Amino acid sequence: MEELKLHKLANDLTGLVFGRLTVIKPVAQTKWGNYKWLCSCTCGVEKVIVGGNLTSGTSKSCGCLSKELSLERFTQHGMTKTQEHYSWLDIKKRTTGKTEKYKRDYVDRGIGMHPDFESFDAFYKEIGPKPDDGQIWSVGRVKNNEGYTYGNIRWETPAQQSRNKTINRNNKTGIAGVYHDKHNNAVYASSSNLDGTYNRVRFSLSKYSLEEALLLATEERKRMIEELNRQGAGYSESHGCAK
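The structure displayed is predicted, hence computed values, not measured ones.

## Side note on the side chain of T157
The residue T157 is located in the loop between β6 (153-156) and α6 (158-162) in this model. Since its relative accessible area comes to 10%, T157 is described here as buried. Sequence-distant contacts of T157, defined by excluding residues within four places in its chain, comprise Q135, I136 and W137.

## Considering the side chain of S204
Mapped onto the elements of the fold, S204 is located in strand β9 (residues 198-204). Taking relative accessible area as the criterion, S204 reaches 16% and is therefore assigned buried. Once residues within four sequence positions are removed from consideration, S204 is found in contact with N185 and A186.

## Comments concerning the packing of aromatic side chains
Each aromatic ring pair is described using two quantities: the centre-to-centre distance and the angle formed by the ring planes. Counting across every chain of the model gives 9 aromatic pairs. Judged by centre distance (6.1 Å) and plane angle (80°), the ring pair of Y102 and Y106 falls under edge-to-face. In this pair, Y102 and Y106 are both assigned in helix α4 (residues 100-107), 4 residues apart and thus about one turn of the helix distant. A relative accessible area of 22% places Y102 in the partly exposed class. Ring geometry for F120 versus Y124: centroids 5.8 Å apart, planes at 25°, classification stacked. Of this pair, F120 and Y124 are both found in helix α5 (residues 120-127), 4 residues apart, which corresponds to roughly one turn of the helix. Residue class for F120 comes out buried when judged on its relative accessible area of 0%. Site record: aromatic cluster; members linked through ring pairs are W88, F117, F120, F123, Y124 and Y150. Stacked on the ring of Y148, the Lys or Arg R141 has its end atom at 5.0 Å from the ring centre. A cation sits over an aromatic face here: R200 above Y188, 4.3 Å from the ring centre.

## Focus: helix α3 (residues 83-95)
Given 3.6 residues per helical turn, the α-helix brings residues three or four places apart onto the same face. For α3, spanning 13 residues, the distance from its first C-alpha to its last is 18 Å, which sits close to the expected 18 Å at 1.5 Å a residue. By the burial criterion, the buried members of α3 are E84, H85, S87, W88, I91 and T95. Angularly, the buried residues of α3 cover 160° about the axis, an arc narrow enough to put them on a single face. Buried residues in α3 make contact with α4, α5, β5 (138-141) and β6. Of the residues flanking the end of α3, it is G97, one or two places downstream, whose phi is positive at about 65°.

What counts and what doesn't
- Residues numbered from 1 in each chain as written.
- Predicted model: local features only at pLDDT ≥ 70, side-chain atom pairs only at ≥ 80, totals over all residues.
- Heavy atoms only, no water.
- Helix = DSSP H or I, 4+ residues; strand = E, 2+ residues; numbered from the N terminus.
- Buried < 20%, exposed > 50% of the residue type's maximum accessible area, 1.4 Å probe, protein only.
- Contact = heavy atoms within 4.5 Å.
- Phe/Tyr/Trp six-rings, centres within 6.5 Å; stacked < 30°, edge-to-face > 60°.
- Lys NZ or Arg CZ within 6 Å of the ring centre and 35° of its normal.
- Expected span 1.5 Å × (residues − 1).
- Arc of directions from axis to C-beta.

Nothing here speaks to function; it is geometry throughout.
Written out as structure tokens, the structure is:
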């Protein structure tokens with residue numbers, strides 16, 4: 001199939017990946033002038049798809065994904081009312097922006113779900129069963145600024161999730177664990193220890209300027225996290241990063 005020359009103002013999709021599809025080249029146009037693209041699916045099939053269907057998310061595979069999902073709907077995996085299945089459903093709600101909060105915290109940040117995980121079986125095969133040790137567990141992401149994809153999902157306790165959060169929207173200093181207390185005229189660096197106790201270091205604004213206090217508190221907070229990680233706390237690199 002010959003490659004069609006693109007108009008200079010056209011959006012070149014060559015090489016981009018949409019779900020299971022990798023765009024190879026433009027090969028035709030519709031009667032309305034929309035480009036059609038030859039795509040390669042991960043299952044090995046090549047198919048010509050209109051560009052708008054790719055960029056809108058309408059087309060995510062050659063058709064194999066739809067067949068798999070249809071098959072799953074008629075397959076009894078026996079896990080419909082389990083924590084694993086409820087977690088999977090919740091992730092689908094978040095990554096499709098079912099509420100304004102989900103749209104802001106997930107969709108607008110580019111946090112999505114891998115197309116394969118539209119299938120519960122594929123999701124469960126990757127993450128495995130929820131640990132059965134009496135603790136509270138939920139699905140978390142290893143790298144909090146990346147989506148629910150292979151190698152980036154795991155079962156986490158509330159303590160693990162708190163060490164893997166982006167910065168709170170109400171944070172006024174721009175640094176996680178550092179806050180300016182106007183009432184006490186000080187800047188504080190804080191952290192939670194592994195034994196559940198609270199650690200806090202105060203930098204008085206009677207002694208330091210606000211800029212100096214913020215700098216010192218930031219360095220202290222960094223030292224706290226490094227020490228906690230040496231103890232096995234497991235704070236992630238994305239902890240405290242902006243959303």
